[in-house]
Amino acid sequence: MITIEKSERLKNLPPYLFKEIDRQKEEVRKRGVDIISLGVGDPDMPTPPHIIKALQKAATDPENHKYPSYSGMDDFNRAVARWYGKRFNVKLDPGSEVVTLIGSKEGIAHIPLAFINPGDLALMTSPGYPVYNTGVQFAGGVSYFMDLKKENDFLPDLGAVPADIAKKAKLMFINYPNNPTAAVATGEFFKEVVRFAEKNNIIVCHDAAYTEMAFDGYKPVSFLETEGAGEVGIEFHSLSKTYNMTGWRLGFAVGRKEVIHSLGQIKSNIDSGAFQAVQVAGIAALDGDQACVDDINREYTGRRNILVDGLIALGLSVQKPRATFYVWVETPRGYTSAQFTSHLLSKAGIVVTPGNGFGAAGEGYIRMALTVGQERMKEVIERMRATGF
Ligand SMILES: *Cc1c(COP(=O)(O)O)cnc(C)c1O
């Protein structure tokens, strides 16, 4: 037997906050409770059929059985550029300003390796998608958290970042429409980000995973629509949430070409790109009729209305999200995030995510995902009412 000694980077990972919830979930399941899960941000609806058909056809072509290009098929990168032009009126050179990713999480986790030296600083928000922090830590960097507060509409206050921290920072991660708060960014905020990045020489990584998941006629903007944004940063995008394709692993990054090139260099040393048949299906998704996206969003709108109207009727404090499939709910007086999460699980069989799992500033909130149908969503409200909320 040899002794197994983990690396410092694994030992230093932040504690896994969902361990206690996982244990409680198992216990409730064993009691035979019919659990309703609003915990994980994974769409419950299937991938639209025309995308599946494109995969089926492409999978039979031996050309697609070979190693793909690590930076993506030219055809896929061109489809990405076309889609950006159509959707955001942003012009991209598919040869130098687009890189295909094996899901955007892959690119987000890898990009710090391209720019962060041990001890270098990266700015990110709390709460936030946990991969920003772990990616920076794996590269030996140090994360500085900008708190997202209700009074600032869950946008970071860039003016509150100490000048020496801002000067030292090399990277900044932001994400709008936002997971977990469901907040959206204005063009004005993105302008402020560009000015801040120019002043402090920071590479901006905008995670745009939710720009297509929006309701009530609202169309989120791309960071790259902002003047000067294409010089200071890149945008991560994903087919996962837009087309119910989380399992397919396909995303992309676009923007400043030196940044895209450096990310590609890291990737070429680690992976060999996404399965080409999946990329062909991705082209079908981006180039195809976007009516499927409207259909998906219509369903989420119905679920959102049932959940949010119900929560408000129960006296909880919550805003109706204009984008993302998350609802960010303040915990009732006297409950921490963990206590309210436990209460909902043990008394109502409802799984939610405690806000502090996304960072310390998420304390006092829970996140509920719109991942069950409308009848089931009504049941969520009925069960909560029965437990006294
Ligand atoms: C779901 C999600 C992603 C990434 O998903 P992939 O499936 O890896 O493309 C990225 N950022 C945020 C904030 C997400 O919620």
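Residues numbered from 1 in each chain as written. Predicted model: local features only at pLDDT ≥ 70, side-chain atom pairs only at ≥ 80, totals over all residues. Heavy atoms only, no water.

**A word on the sheet that holds strand β7 (residues 233–238)**
For step 1, the next point in the chain: Here we have 7 strands laid out as an open sheet, ordered β2-β8-β7-β6-β5-β3-β4, and mixed in their pairing. What marks the edges here is a single partner per strand, and that holds for β2 (98–101) and β4 (142–147). Between one strand axis and the next, the sheet turns by 20° as a mean value, whatever way the strands run.
For step 2, the next point in the chain: Where strand β3 (residues 121–126) meets strand β5 (residues 169–175), 3 bridges bridge the pair, whose relative direction is parallel. What sits directly across from leucine 123, in β5, is methionine 172. (Pairing = 2+ DSSP bridges. Helix = DSSP H or I, 4+ residues; strand = E, 2+ residues; numbered from the N terminus. Axes fitted to C-alpha atoms, helices over the stretch in contact; angles between N-to-C directions.)

**Structural notes on the site of the ligand**
For step 1, the next point in the chain: As a matter of local geometry, the ligand sits amid 14 residues, with Asp207, Tyr210, Ser238, Ser240 and Lys241 nearest to it.
For step 2, the next point in the chain: At 2.6 Å from a nitrogen atom of the ligand is found a side-chain nitrogen or oxygen belonging to aspartate 207.
For step 3, the next point in the chain: Take serine 238: an N or O atom from its side chain is 2.6 Å from an oxygen atom of the ligand.
For step 4, the next point in the chain: When the ligand sits alone it has 380 Å² of accessible area, and the protein chains cover 94% of it.
For step 5, the next point in the chain: A class-by-class count of the residues in the shell around the ligand yields 4 nonpolar, 6 polar and 4 charged. (Near = heavy atom within 4 Å. Polar contact = N/O pair within 3.5 Å; in protein donor to acceptor, adjacent residues only side chain to side chain. Areas by Shrake-Rupley, 256 points an atom, 1.4 Å probe, with all protein chains shown as cover. Nonpolar A, V, L, I, M, F, W, Y, C, P; charged D, E, K, R; others polar.)

**Focus: the packing of aromatic side chains**
Each aromatic ring pair is specified by the distance between its two centres and by the angle formed by the two planes.
For step 1, the next point in the chain: Enumeration according to the criterion identifies 18 aromatic pairs in this entry.
For step 2, the next point in the chain: Ring geometry for phenylalanine 76 versus phenylalanine 252: centroids 6.1 Å apart, planes at 70°, classification edge-to-face. Placement of the pair is phenylalanine 76 in helix α4 (residues 74–88) and phenylalanine 252 in strand β8 (residues 251–255), with a sequence separation of 176 residues. Just as phenylalanine 76 is buried, phenylalanine 252 falls in that class too. (Phe/Tyr/Trp six-rings, centres within 6.5 Å; stacked < 30°, edge-to-face > 60°. Buried < 20%, exposed > 50% of the residue type's maximum accessible area, 1.4 Å probe, protein only.)

**Quick look at the packing of helix α5 (residues 104–115) against helix α6 (residues 131–138)**
For step 1, the next point in the chain: Axis separation between α5 and α6 bottoms out at 7 Å; the angle between their running directions is 35°. Here α5 and α6 pass one another in a crossing that is right-handed. Every residue of α6 that contacts α5 at Lys105, Ile108, Ala109 and Pro112 is listed here: Val131, Tyr132, Gly135 and Val136.
For step 2, the next point in the chain: Its residues placed into classes, the contact of α5 with α6 shows 6 nonpolar, 1 polar and 1 charged. (Left-handed = near helix turned anticlockwise from the far one by under 90°. Contact = heavy atoms within 4.5 Å.)

**Quick word on helix α2 (residues 19–30)**
For step 1, the next point in the chain: Under the 1.5 Å per step criterion, the end-to-end length of α2 is 17 Å for 12 residues, consistent within 8% with the ideal 16 Å.
For step 2, the next point in the chain: Inspection of α2 places Ile21, Gln24 and Val28 among the buried residues, and these make up the whole buried set. What you see down the axis of α2 is that its buried residues fit within an arc of 65°, all on one side. Residues Lys19 and Lys30 are exposed on α2 and point more than 90 degrees away from its buried face.
For step 3, the next point in the chain: Structurally, α2 contributes buried residues whose contacts are with α13 (337–348) and β11 (353–354).
For step 4, the next point in the chain: Phi for glycine 32, located one or two positions after α2, is positive at around 85°. (Expected span 1.5 Å × (residues − 1). Arc of directions from axis to C-beta.)

**Overview of the domain arrangement of the protein**
For step 1, the next point in the chain: Along its sequence, the protein is carved into domain 1 (8–46 + 291–387) and domain 2 (49–287).
For step 2, the next point in the chain: A C-alpha centroid distance of 25 Å is found between domain 1 and domain 2.
For step 3, the next point in the chain: With 34 residues of domain 1 in contact, the opposing surface of domain 2 contributes 33 residues.
For step 4, the next point in the chain: Taken together, the links from domain 1 to domain 2 amount to 2 salt bridges.
For step 5, the next point in the chain: Its salt-bridge partner being glutamate 330, residue lysine 150 comes within 2.8 Å of it at the nearest N-O pair.
For step 6, the next point in the chain: The interface formed by domain 1 and domain 2 holds 13 residue pairs in polar contact (both at pLDDT 80 or more) in total.
For step 7, the next point in the chain: Secondary structure elements with two or more residues in the side of domain 1 that touches domain 2: α1 (8–11), α12 (291–313), β9 (326–330) and β12 (365–369).
For step 8, the next point in the chain: Looking at which element gives the most residues to the side of domain 1 that touches domain 2, the answer is α12, with 7 residues. (Domains from an automatic or database assignment. Salt bridge = Lys/Arg side-chain N within 4 Å of Asp/Glu carboxyl O.)

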